[in-house]
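Residue strings, one per chain:
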Amino acid sequence: MAFELPPLPYSKSALAPNGMCEETLDLHHGKHHQAYVTALNGFVEKDPNLQGKSLEEIVQLSHGKPDMAPVFNNAGQHWNHILFWQAMSPNGGKLPGTLEKKITEDFGGTQQFKDAFKAAGVGQFGSGWAWLVLAPDGKLKITKTPNGSNPLATGEGRALLGVDVWEHSYYLDFRNRRPDYLQNWLDKLANYEWAEQQLNAG
Ligand code: MN3
């Protein structure tokens, strides 16, 4: 069965008061994410080895294989964007207790966590992602990946939050100011309730 673009978990205008306008979501979800899904389906159609595989399996089996880079890029970006839409909320920015306690234990405090996450996103040269992961050692960690890569591929841990730092994610709302986009994302858009559910899921 072909992969499909999942609907946004909120309306296209729902994040506008929090700094992500309707046009950004219209283009980012309806055009960019859709393009990754369409490209991925094209590769699966032509390659029997990919047919019947889950998205997670395709990300992992194509990772690090130069001849499968186009498959990896599009599968990775489909996985990343599915997570990204869930990692934001019109009621974003509110840290629930269990996650806040864990963040304080592992980073020293909410401010330290936000500073480190922002630094990872700012420090990702060119396109990519910054992540909050639950690492295999049980500690929260911040990582960054280029282009379509992600913690599922690198094995760095279970993703609790991921923020898109490709320019298409912030250029309409913040122009070239990636640090401002990231600060706003952490303060007003990040769905920490969802992140806490991912933390408790394992
Ligand atoms: Mn994107």
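Given the structure is predicted, the values throughout are model-derived calculations rather than measurements. (Residues numbered from 1 in each chain as written. Predicted model: local features only at pLDDT ≥ 70, side-chain atom pairs only at ≥ 80, totals over all residues. Heavy atoms only, no water.)

K.L.:
Any chance you could explain the overall build of the protein here in plain terms?
P.N.:
In terms of regular secondary structure, the protein is built from nine helices and three strands. Its helices and strands in sequence order give the protein the pattern α-α-α-α-α-β-β-α-β-α-α-α, from N to C terminus. Against the globule reference of 17 Å for 202 residues, the protein gives a C-alpha radius of gyration of 16 Å, in line with a compact fold. In terms of principal-axis extent, the alpha carbons of the protein reach across some 50 × 40 × 30 Å. Across the 202 residues that make up the protein, the buried fraction comes to 47%. For the protein, the proportion of contacts with a sequence separation of at least 24, taken over those separated by at least 6, is 67%. (Helix = DSSP H or I, 4+ residues; strand = E, 2+ residues; numbered from the N terminus. Rg over C-alpha atoms; globule rule 2.2 N^0.38 Å. Buried < 20%, exposed > 50% of the residue type's maximum accessible area, 1.4 Å probe, protein only. Contact = heavy atoms within 4.5 Å.)

K.L.:
What is the right way to read the packing of aromatic side chains from this model?
P.N.:
Two descriptors summarise a pair of aromatic rings, namely the distance from one centre to the other and the angle between the planes of the rings. In total, this model carries 13 aromatic pairs according to the counting rule given. Ring centres of Phe 84 and Trp 129 lie 5.6 Å apart, and the angle between their planes is 85 degrees; this geometry places the pair in the edge-to-face category. Here Phe 84 is found in helix α3 (residues 69–86), whereas its partner Trp 129 is found in strand β1 (residues 128–134), with 45 residues between them in sequence. The same class applies to Phe 84 as to Trp 129, namely buried. In textbook terms, an aromatic cluster arises when at least three aromatic residues are bridged by ring pairs, as seen for Trp 79, Phe 84, Trp 85, Phe 107, Phe 113, Phe 117, Trp 129, Trp 131, Trp 185 and Tyr 192. (Phe/Tyr/Trp six-rings, centres within 6.5 Å; stacked < 30°, edge-to-face > 60°.)

K.L.:
What's the story with the domain arrangement of the protein in this structure? I'm lost.
P.N.:
One frequent convention defines the size of an interface as the accessible area lost when the parts assemble. According to the domain assignment, the protein consists of domain 1 (21–86) and domain 2 (97–200). The distance between the C-alpha centroids of domain 1 and domain 2 comes to 20 Å. Each partner contributes to the interface: domain 1 provides 21 residues, whereas domain 2 provides 24 residues. Contact between domain 1 and domain 2 buries roughly 1,800 Å² in total, counting both sides, with carbon and sulfur atoms accounting for 63%. Summed over the three residues of domain 1 that lose the most area to domain 2, namely Leu 83, Phe 84 and Gln 86, the buried surface amounts to 29% of that side. Here domain 1 is connected to domain 2 by zero salt bridges. Taken together, domain 1 and domain 2 are joined by 13 residue pairs in polar contact (both at pLDDT 80 or more). When contributions to the side of domain 1 that touches domain 2 are tallied by element, the ones reaching two or more residues are α1 (22–46), α2 (55–62) and α3. The residue makeup of the side of domain 1 that touches domain 2, split by class, is eight nonpolar, eleven polar and two charged. (Domains from an automatic or database assignment. Buried area = accessible area lost by both parts, 1.4 Å probe. Salt bridge = Lys/Arg side-chain N within 4 Å of Asp/Glu carboxyl O. Polar contact = N/O pair within 3.5 Å; in protein donor to acceptor, adjacent residues only side chain to side chain. Nonpolar A, V, L, I, M, F, W, Y, C, P; charged D, E, K, R; others polar.)

K.L.:
Could you clarify how one ought to interpret the sheet that holds β1 in this entry?
P.N.:
The strands making up a sheet associate through hydrogen bonds between their backbones, and the pairing can be parallel or antiparallel. The strand order across the open sheet formed by three strands is β2-β1-β3, and the pairing between neighbours is antiparallel. Each edge of the open sheet carries a strand with a single partner, namely β2 (140–146) and β3 (158–164). Strand-to-strand twist across the sheet, computed as the mean angle between neighbouring axes with direction ignored, equals 25 degrees. Here seven bridges tie β1 to β2, and the two strands are oriented antiparallel to one another. Along β2, the bridge assignment pairs Trp 131 with Thr 143. The sheet contacts of helix α9 (residues 192–201) involve β1, β2 and β3, and relative to β3 the element is tilted by about 150 degrees. (Pairing = 2+ DSSP bridges. Axes fitted to C-alpha atoms, helices over the stretch in contact; angles between N-to-C directions.)

K.L.:
Please clarify how unusual backbone geometry should be interpreted in this entry.
P.N.:
A negative phi angle is the norm for most residues apart from glycine, just as the trans form is the norm for most peptide bonds. In the Ramachandran plot, Asn 147 falls in the positive-phi region, its phi being about 50 degrees despite a non-glycine side chain. On the secondary structure map, Asn 147 appears in the loop between β2 and α6 (151–154). Asn 147 sits in the partly exposed class, given a relative accessible area of 40%.

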